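Residue-level structural notes
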Amino acid sequence: MNNSLIPMLGVVTAIRRDTPDVKTFRVEAIGGGKCFEHIPGQCAMLSIPGVSEAMFSITSSPTVKEYQEFSIKKCGVLTEWLHQMEVGQQVTIRGPYGNGFPVEGDLKGKDLLFIAGGIGLAPLHSVINYVRDNRENYGTVDVVYGSRSADDLVDLREIQEEWIGTPGLNVHLTIDRPQDSWDGHVGFVPSYVTELGFDPNKTVLVCGPPIMIKFVLKALMDLGFSRTNIYTTMELRMKCAIGKCGRCNIGDKYVCKDGPVFRFDELDELPNEY
């Protein structure tokens, strides 16, 4: 049997509140270390027995060997329970699932552009830190990240204290509407992408609300980007993660087995269900 199907016990060793409704949970195996290895963009199934289970992106980089992290937005029964957890409590975890981003393939040696909205930073967080830890293997990196308000920017402290200042990495933050405590850019992510006018030779990784992705894609097309150089992740559609329940299929594709990471030209071949 595939080990990814067997739940492991994990212990929550740290909890960080990122926004009013997002917390980041650090999970270690019983006895220490990670429960399993993963590649950036892969997911794991977290569960509280007797409550529920759900799929979440692994937000820590594979270069971190001591633990795995999950940034989780409170939006349902399981996430409500998770948000009530305290350090030292246990969860079950199984994985990894999905294909991940091609960090050792098509992305290697390329100039990269990450575009995220709200909690959409979570699936890209692992990739960005992987690239930061392997800077010699990648070109220049730009991160465009926006949310409703400054209070809703996930991982803001890490972004300000660690990402900003990384050689070859440029961070562009924006919020939807003016805020007294905010002196940065104000405006929606798609219009900010247009305003920044990136080189269309960059390879793009985008994640966020569907409406944001729709208009970001249009902005990128107007700037001359190719759909073969734009990746996204559809992990929110994943259910059983092993291609058995059929709830994530789109045409002849299963998001859990063929994705959740897709290039946009691959999505163009699918029915408009997505």
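Placed above this text is the structure.
Below is a short write-up of the structure. These numbers come from a predicted model, not from an experiment.

Running from N to C, helix α4 (residues 189-196) and helix α5 (residues 210-223) point in directions that differ by 15 degrees, and their axes come no closer than 8 Å. Between α4 and α5, the angle is such that the two are roughly parallel. With respect to the hand of their crossing, α4 and α5 are arranged in right-handed fashion. Each of Val 189, Pro 190, Val 193 and Thr 194 in α4 lies in contact with α5, whose residues at this interface are Met 212, Phe 215, Val 216, Ala 219, Leu 220 and Leu 223. Per-class residue counts for the contact of α4 with α5 are nine nonpolar, one polar and no charged.

An order of β10-β9-β8-β7-β11-β12-β15 is seen for the seven strands of this open sheet, with the pairing classed as mixed. Every other strand in the sheet has two partners, leaving β10 (185-186) and β15 (261-263) as the edge strands with one partner each. Here strand β7 (residues 112-117) pairs with strand β11 (residues 203-207) via five bridges, running parallel. Paired with Leu 113 across the strands is Val 204, a residue of β11.

So, how was this worked out
- Residues numbered from 1 in each chain as written.
- Predicted model: local features only at pLDDT ≥ 70, side-chain atom pairs only at ≥ 80, totals over all residues.
- Heavy atoms only, no water.
- Axes fitted to C-alpha atoms, helices over the stretch in contact; angles between N-to-C directions.
- Helix = DSSP H or I, 4+ residues; strand = E, 2+ residues; numbered from the N terminus.
- Parallel < 35°, antiparallel > 145°, perpendicular 65-115°, else oblique.
- Left-handed = near helix turned anticlockwise from the far one by under 90°.
- Contact = heavy atoms within 4.5 Å.
- Nonpolar A, V, L, I, M, F, W, Y, C, P; charged D, E, K, R; others polar.
- Pairing = 2+ DSSP bridges.

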